[in-house]
Each structure stands twice: as C-alpha cells, then as structure tokens.
Amino acid sequence: MSGQYAPRAETVVDLDALRHNVALLAERAQVPVMAVVKADGYGHGAVPIAKAALEAGATWLGSASATEAVDLRKAGIEAPILAWLYAPGEDLSDAVAAGVDLGVSSVDELRAADGARLHLKIDTGLNRNGCSPEDWPELVKAARDHDVHAIWSHLASADEPGNPSIDRQAGRFDEAYEIAVAEGLQPIRHLANSAATLTRPDLAYDMVRVGIAMYGLNPVPQHEDLRPVMTFRSSVVSTKRTPAGEGVSYGHTWVADRDTTLALVPVGYADGVPRGLSGRFEVSLAGQRRPVVGRVCMDQIVVDCGDDPVSPGDEVILFGPGAHGEPTAREWADKLGTIDYEIVTNMYRPRVRRRYVGASS
Ligand SMILES: *Cc1c(COP(=O)(O)O)cnc(C)c1O
C-alpha cells in the first residue's frame, strides 16, 4: 500500500460487508429487520449505513434520539424509523411531522408523542426505560385512541445464551401483549437485539432490531459468519533510528533496549486510540504486527519496527476485520475491559475522515 494513498487517520467503512451481515441476519430472523443506526451508526455514519442496510433487505431503521431520526429524514430516507429516547419535556413535533414512529414508555411520553405512530415499550426486566408492568394497564388504556403500531421491549442478557433472564423477560413480554390485546390493541411485537436474533429465533416475533452484528461484530460466543465493517487506518509519517537507552514518548515509560527504528504514526487519543492501551497494544504496520511503545499521546503514537526497512507512507492498521492478522476492535475491547461497541462508536470523531468502500453505484 506504500506510496499510493496515505491518510493521516481514517475509518474505512465496508458497505459490502454491512450488506452481507444484514442479509445474514434477515435470513436468520425470517421476519422484518430494523437496522439500528443510533450514535451515528455506531460510529460508522448513520446515513450511508441506513441506506446500505435498506438495500440489503432491512425495512426499518432505529435511532435512539428523535433528532437522529429527523436527520435521517432530512437525508431523504423514507423507510419507517423508530426513535425512543427523549429529553424531559422535549418538543417532538419535528419528529411527528417527519413521520417518525416514537417509542413510548409512560403516559407523559404518550402526550408528548401526540400525533405520531407509537410503539409502547414494556420494561420486562432491563429496568432502564420502558413502562413498568404495574403501570402497563394504564398506559395501554390511555393509548387506545392513539395509533399504536407495536409493543416492544429490550433484553438485558441476550449475549449470554441460556441466561434465565431471557425466558423470564419473554414471559413478561407475552403477558404485556395479552393485556394490550385485551384492551383492543392489535400491535406487532419486537424484542430481539443482535444477540437474540442469532441465538433465539423463537423470540423474533414480528421484527428484530439489529445493531452490533450488522456492523460485523459478534455479540455471542458461538462462531458467526459476520464481516467487521470498520477498519481504522493511518500511515507512517516519519521514521527515526534510535539508539539503545533512549526513552520514548511522555514519561519515558518505554526505553529502547537495543538500537531500533521507530515509526511515528499521526493518530492519538483525540482520534480514538485509547490512552489506556499505552504499552500494551500492537498495530499492523507495513503488513506486520508491531508493538506501539510508550504512551499514547493526543495526536501521535510510536511503533517499534526493529531493523525492518519501514518508510513514511507505509500503511498502519489500528484495527480491522482481522482477516490478515491485524488487530480487531474486539482485541482492543478485551484489553480495556470493555465491549467492541464502545470501540467503534468512539470513532465518531470530526478529525478522523470516513471513507466508504463497496458503495453501490
Ligand atoms: C441499541 C439497541 C438495539 C441494538 O442492539 P445490538 O446489541 O447492537 O443489536 C436494539 N434495541 C434497542 C432498544 C437498542 O437500544
């Protein structure tokens, strides 16, 4: 790759991989797929991801905030969109006017969402948003003269197949459905996230809401044929022959134990390289894994290349699909004690350019 194209910092978003993943999930689900594109498409770019997901067979979009949903409409997207998280007292009239479906967890939200098509959310045990089972009959009654399209809920531990909370939540979901039907509603139902879509096809109900797996990151322990969509890359900006005994980067936490060639890579924690990885991660540089030495700085990292002939312009992969031995977002997450969701979502950064490949013509 050397010499052709040398970005300072970019995420390459592979829309072919995304379409492959959406098709795989749709095939598993056997029901309509809602592509969840909140948080700017988990850091991949909400609009291009939404368009590619719809091309690949998704029929709904999901965003957390109403403003994200309105932004999708402004980009010309006409597919149904569900939004479900608002500020207290938020004016939802733009979302209503834009034809965005709104998730509703309380009678107060029902009022705020007046005029929208509604998805009533029952809290079956995540204990985050959603209407508690005690308040559910009242919400359902109050919603009778509204346009209720769905009832829905969200699972706490679908990423641990066999966790007893999954069946418990499904049971409470079924009870909530019975109550809604008894009140004369005829809603569709949706419960499953990516993990449940992959492991519990019996819980697909009438639609699944997939996020992480669509981006190619596998939330469950079993193997899945998912293709990671995001590659984070940069390139060598300069190299330097450094004598044994020299310390590198702030605080000199790493000292060269031999003469070596150091490569400077112009990305740092302001670009999504967590400083907490300092001293314990590698990049793929000129096709080979090499250690990043010393502290991660705001704008720069330093890679120990030994006696290898590396040069400015050489490609650096921070993380990618892993197919060619490069580190993955999961590897970063494991080192940091977090999940790969956080790693890719963290790449929503103005200074890091996004480039889409595999876009349809
Ligand atoms: C984020 C989210 C999803 C998607 O979850 P994944 O684990 O990424 O598939 C589905 N439903 C709701 C309500 C969400 O907030």
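Residues numbered from 1 in each chain as written. Predicted model: local features only at pLDDT ≥ 70, side-chain atom pairs only at ≥ 80, totals over all residues. Heavy atoms only, no water.

Side note on helix 10 (residues 329–336)
Then, in step 1: Considered for burial, the residues of helix 10 that qualify are Ala329, Trp332 and Ala333. For helix 10, the angular spread of buried residues about the axis comes to 100°, placing them on one side.
Then, in step 2: The inward-facing, buried residues of helix 10 contact strand 10 (230–235), strand 18 (315–319) and helix 11 (340–345). (Buried < 20%, exposed > 50% of the residue type's maximum accessible area, 1.4 Å probe, protein only. Helix = DSSP H or I, 4+ residues; strand = E, 2+ residues; numbered from the N terminus. Arc of directions from axis to C-beta. Contact = heavy atoms within 4.5 Å.)

Describing the UniProt feature "modified residue: N6-(pyridoxal phosphate)lysine" (unreviewed entry) in the protein chain
Then, in step 1: Residues annotated in UniProt with the feature "modified residue: N6-(pyridoxal phosphate)lysine" (unreviewed entry) correspond here to Lys38.
Then, in step 2: Looking at where Lys38 falls in the secondary structure, it is placed in helix 2 (residues 38–42).
Then, in step 3: By relative accessible area, which is 27% here, Lys38 ends up partly exposed. (UniProt positions renumbered as here; feature names shortened; annotations may be inferred.)

What about the state of the cysteines?
Then, in step 1: One pass over the structure, following the stated rule, counts 0 disulfides.
Then, in step 2: Lacking any disulfide linkage, Cys297 is separated from the closest cysteine sulfur, that of Cys305, by 16 Å.
Then, in step 3: When its relative accessible area of 3% is taken as the criterion, Cys305 is described as buried. (Disulfide = S-S within 2.5 Å.)

Quick word on the sheet that holds strand 15 (residues 282–285)
Then, in step 1: The strand order 11-14-17-16-15-18-10-1-19 describes an open sheet built from 9 strands, whose pairing is mixed. A single partner strand is all that each edge strand has here, and the edge strands are strand 11 (238–242) and strand 19 (353–357). Averaged over all adjacent pairs, the angle separating strand axes in this sheet is 35°, with direction ignored.
Then, in step 2: Summarising the sheet, strand 10 and strand 18 pair through 4 bridges and their orientation is antiparallel. Across the sheet, residue Phe232 finds its bridge partner in strand 18, namely Phe319. (Pairing = 2+ DSSP bridges. Axes fitted to C-alpha atoms, helices over the stretch in contact; angles between N-to-C directions.)

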